[in-house]
Amino acid sequence: FTSTVGASGVIPAQSTATVPDGTPGLPTEIVVQARDATGNPVSAGGETVAVTVSGANNPGALIVTDQANGTYTASYTPTLAGTDDVAITLNGTPIGGSPFTSTVSVGTVSPAQSTATVPDGIAGALTSIVVQARDATGNPVSVGGETVAVTVTLTVPGG
């Protein structure tokens, strides 16, 4: 006798998701794995999966792609650093662990987005220049370590 044991019906509470932390300006891909009552991965698609993102970034409902193998993918590109909440439902019921948290950390420094505050100076007095490093989407970078070079040139009024 041969007996083939396959996954039983999909159970949202047993289903899982991979929700990575994000970086502003880069896609964050979410993968949902449908599972049966004993936690076995389901190998067929056809379920209704909804993914909604709120928090620091609020794109709302995402487009979910059925991979036809029991997994579903969705993606969004955060623009702001902070914490996003990712709610996932399978056939209208939250999956195990939902909502998930995605911490969006500031990206690498972008000189083009960084800013400087340069006040007018007074001859013989100290002038403080403040440089704010920012990432590609304008988020302030809160850690140091970058090399900043400032060149001061003298402009004589009327000359």
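Refer to the structure printed above.
Okay, so let's go over this structure. This is a predicted model, so every value here is computed, not measured.

Counting through the fold element by element, Asn139 comes out in the segment after β11 (130–132). Here the side chain of Asn139 touches Thr79 through a polar contact of 2.8 Å, landing on its backbone oxygen. Non-local contacts of Asn139, meaning those with residues more than four positions away in its chain, are made with Pro24, Thr79, Leu80, Ala81, Val106, Ala133 and Arg134.

In terms of nonpolar packing, the biggest core is built from 20 residues, with Ile30, Val51, Val86 and Ile88 touching the most fellow members. Among the elements of the structure, β2 (28–33), β3 (49–55), β6 (71–76), β7 (82–90) and β9 (100–104) are those that each provide at least two residues to this core. Among all residues touching Ile30, those that are not within four sequence positions of it are Thr18, Val19, Val51, Leu62, Tyr72, Thr73, Ala74, Tyr76, Val86 and Ile88.

As paired elements, β3 and β7 share seven bridges and run antiparallel to each other. Each bridged residue has a counterpart across the sheet, and for Val49 the counterpart in β7 is Leu90. Pairing of β3 with strand β4 (residues 60–61) involves two bridges; the strand directions are antiparallel. Bridging across to β4, Val53 finds its partner in Gly60.

So, how was this worked out
Residues numbered from 1 in each chain as written. Predicted model: local features only at pLDDT ≥ 70, side-chain atom pairs only at ≥ 80, totals over all residues. Heavy atoms only, no water. Helix = DSSP H or I, 4+ residues; strand = E, 2+ residues; numbered from the N terminus. Polar contact = N/O pair within 3.5 Å; in protein donor to acceptor, adjacent residues only side chain to side chain. Contact = heavy atoms within 4.5 Å. Core = buried A, V, L, I, M, F, W, Y, C linked by side-chain atoms within 4.5 Å. Buried < 20%, exposed > 50% of the residue type's maximum accessible area, 1.4 Å probe, protein only. Pairing = 2+ DSSP bridges.

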